[in-house]
Amino acid sequence: MSSVTLDHVHKRFGKAKGVEDVHIHIESGEFFTFLGPSGCGKTTTLRMIAGFYYPTEGRISFGSQDVTMLPPNKRNTGMVFQNYALFPHMTVFENIAFGLQVRKMAKADIKERVERIMKLVRLDGYGERRIDQLSGGQQQRVALARALVIEPQILLLDEPLSNLDAKLREETRYEIKRLQMELGITTIYVTHDQAEAMSMSDRIMVMNSGVVQQIGTPHEIYHRPVNRFVASFIGETNLWEATVTGIEGQNVYVQVTPDISLCGSLQQASPQVRLAVGEKVALSIRPEAVRESAGADGENVVRGTVALAEFTGACVNYVTSVGPHQLRSMFINEGSAVKQPGEAISLHIPKNSIYFAG
Ligand SMILES: Nc1ncnc2c1ncn2[C@@H]1O[C@H](COP(=O)(O)OP(=O)(O)OP(=O)(O)O)[C@@H](O)[C@H]1O
Ligand SMILES: [Mg+2]
């Protein structure tokens, strides 16, 4: 196992920028995820760690070893590619054994190692099957086994679940996490699926257009996003523009529309935000933080009309029209009647759930 450090790494493709100034330290044994929309630079960053691209600028190290210009076969990383890249004409066994044969390992040792790893990914008994005779989920596990069999110091997974259906994706998600915990292997995982990132990772790096936006635990990036992009990309949120009208002690008063004034707390602000009277700010309010209010008046109570009601079984989701704005809210289903579109509703936005996202 090894830590991974990217020291001010840049990658440009001719004039086009790939990624800019990525500066991270990934701990040994950590499950670290690159998250962001398509084209934001996740694969490019992963490929530099694997050695398939060399940085235009900056340095990459594994532990204390500088690997910046080391070819991929000298790095001891196992990689699962975005499209698996399996050898379709070969069997499961041959696919998994390939990396060991290249390393000229003795036949008996290869057999022992491949069989052990097939058991680990629950593919025992499938050794003689050809790749084109496997389901998508099984192919995904062959790709994983092929990456693991070389006993890499670092496991690199590029959207390994993107071709699976929802149920299989969830199952395989647990399987990868189980393997990672069992083997204690430093794992870098690439996805554009925020739920996947949140549920699997120790820490997440959120990227947009080649630029790192935030690095933090799932809890940090969900509750303390540094900017609007992170706030809206991670989970669902209500983003409202407002103007600061007053600051008294810890209280921050904002005006959203002439009819909607709210009070938030100074504690709940991104470090990138400037809170001063007259400043424009973005408020991020998570749907699950909104409460139904018994009364129609009071601090942070807004009155509106249900525009959309959605019953999902576990929850009831409302979209409420509040003046020109819409407020999404989410309630655990406790058996009470679901309000219908057109009905009046009063909602309370707790002070500490208003986040100044900047
Ligand atoms: N070999 C290349 N030559 C030129 N431009 C490239 C090359 N590889 C990537 N890029 C560009 O770099 C940017 C980042 O691409 P990258 O493949 O890293 O995105 P990604 O985050 O992995 O996206 P996706 O989620 O779609 O896989 C894109 O604008 C892409 O067009
Ligand atoms: Mg990619």
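What counts, and where the lines are drawn
Residues numbered from 1 in each chain as written. Chains lettered and ligands numbered in written order. Predicted model: local features only at pLDDT ≥ 70, side-chain atom pairs only at ≥ 80, totals over all residues. Heavy atoms only, no water. Salt bridge = Lys/Arg side-chain N within 4 Å of Asp/Glu carboxyl O. Buried < 20%, exposed > 50% of the residue type's maximum accessible area, 1.4 Å probe, protein only. Pairing = 2+ DSSP bridges. Helix = DSSP H or I, 4+ residues; strand = E, 2+ residues; numbered from the N terminus. Axes fitted to C-alpha atoms, helices over the stretch in contact; angles between N-to-C directions. Near = heavy atom within 4 Å. Polar contact = N/O pair within 3.5 Å; in protein donor to acceptor, adjacent residues only side chain to side chain. Areas by Shrake-Rupley, 256 points an atom, 1.4 Å probe, with all protein chains shown as cover. Core = buried A, V, L, I, M, F, W, Y, C linked by side-chain atoms within 4.5 Å. Contact = heavy atoms within 4.5 Å. Domains from an automatic or database assignment. Buried area = accessible area lost by both parts, 1.4 Å probe.

Asks: Describe the pattern of salt bridges, listing the residues and the values that go with them.
Replies: If you walk through the whole model with that rule in mind, you get 17 salt bridges. The shortest N-O distance in the salt bridge between K17 and E20 comes to 3.4 Å. Using a relative accessible area of 44% as the deciding quantity, one classes K17 as partly exposed. Classification of E20 as partly exposed rests on a relative accessible area of 34%. Notably, a salt bridge pairs D132 with R130, separated by 3.1 Å at the nearest N-O pair. Residue class for D132 comes out partly exposed when judged on its relative accessible area of 49%. For R130, a relative accessible area of 36% puts it in the partly exposed group.

Asks: Explain the sheet that holds strand β13 (residues 260-265) to me, and be specific about the residues and the numbers.
Replies: Taken together, five strands build an open sheet; the order of strands is β13-β12-β11-β14-β20 and the sheet is antiparallel. Of all strands in the sheet, those bounded by a partner on one side alone are β13 and β20 (354-356). Within this sheet the neighbouring strands show an average axis-to-axis angle of 45°, counted without direction. Two strands pair when backbone bridges link them, and strand β12 (residues 251-257) and β13 are joined in this way by six bridges, in the antiparallel orientation. Counted as the bridge partner of V254 is L262 from β13.

Asks: Talk me through the pairing of strand β11 (residues 238-248); I want residue IDs and the actual numbers.
Replies: As paired elements, β11 and strand β14 (residues 280-285) share six bridges and run antiparallel to each other. Of the residues in β14, the one forming a bridge with E241 is A282. Where β11 meets β12, five bridges bridge the pair, whose relative direction is antiparallel. Its bridge partner being in β12, I247 is matched across the sheet by V252. What sits between the antiparallel neighbours β11 and β12 is a turn of two residues, in which G249 has the positive phi angle 60°.

Asks: Help me get a handle on helix α1 (residues 42-50), residues and values and all.
Replies: With seven of its nine residues buried, α1 lies for the most part within the structure. The complete set of buried residues in α1 reads K42, T44, T45, L46, M48, I49 and A50. With its phi angle positive at about 100°, G51 sits one or two positions after the end of α1.

Asks: Provide a residue-level description of the sheet that holds strand β16 (residues 301-311), including the pertinent values.
Replies: Read from one edge to the other, the open sheet built from five strands follows the order β15-β19-β16-β17-β18, with strand pairing classed as antiparallel. The open sheet has two edge strands with one neighbour each: β15 (291-292) and β18 (325-332).

Asks: Quick rundown of the site of ligand 1? Include the residues and the values.
Replies: Around ligand 1, the neighbouring residues are F13, G18, S38, G39, C40, G41, K42, T43, T44, Y53, Q82 and E159. Between ligand 1 and the protein, one listed contact pairs an oxygen atom with a side-chain N or O atom of E159 at 3.4 Å. Taken by itself ligand 1 offers 630 Å² of open surface, and the protein chains cover 62% of this. The element contributing the most residues to the shell around ligand 1 is α1, with three residues.

Asks: How would you summarise the nonpolar core if you had to cite specific residues and measurements?
Replies: Among soluble globular proteins, nonpolar side chains are generally buried collectively. Within the largest apolar cluster, 34 residues are counted, with the highest numbers of intra-cluster contacts made by I96, V114, V142, L144, L148 and I176. Going through the elements one at a time, α2 (92-102), α3 (107-120), α4 (136-148), β7 (154-158) and α5 (166-183) are the ones with two or more residues in this core. At six residues, the largest contribution of residues to this core is made by α4. Those residues within four positions of I96 in sequence are excluded, and the remaining contacts are V114, I117, M118, V142, A145, R146 and V149. In terms of nonpolar packing, the next biggest core, distinct from the first, is built from 27 residues, V252, V256, A269 and Y318 among them.

Asks: Just give me the short version of the domain arrangement of the chain, but keep the residues and values in it.
Replies: By the assigned domains, the chain splits into domain 1 (4-228) and domain 2 (236-356). Placing a centre on the C-alpha atoms of domain 1 and another on those of domain 2 gives a separation of 39 Å. Overall, the association of domain 1 and domain 2 removes approximately 860 Å² of surface from exposure, summing both partners, and the carbon and sulfur fraction of that is 37%. Contact with domain 2 buries surface across domain 1, with Y222, R224 and R228 losing the most and accounting together for 64% of the total. One can count one salt bridge joining domain 1 with domain 2. Connecting domain 1 to domain 2 are seven residue pairs in polar contact (both at pLDDT 80 or more). The leading source of residues in the side of domain 1 that touches domain 2 is helix α7 (residues 218-223), at three residues.

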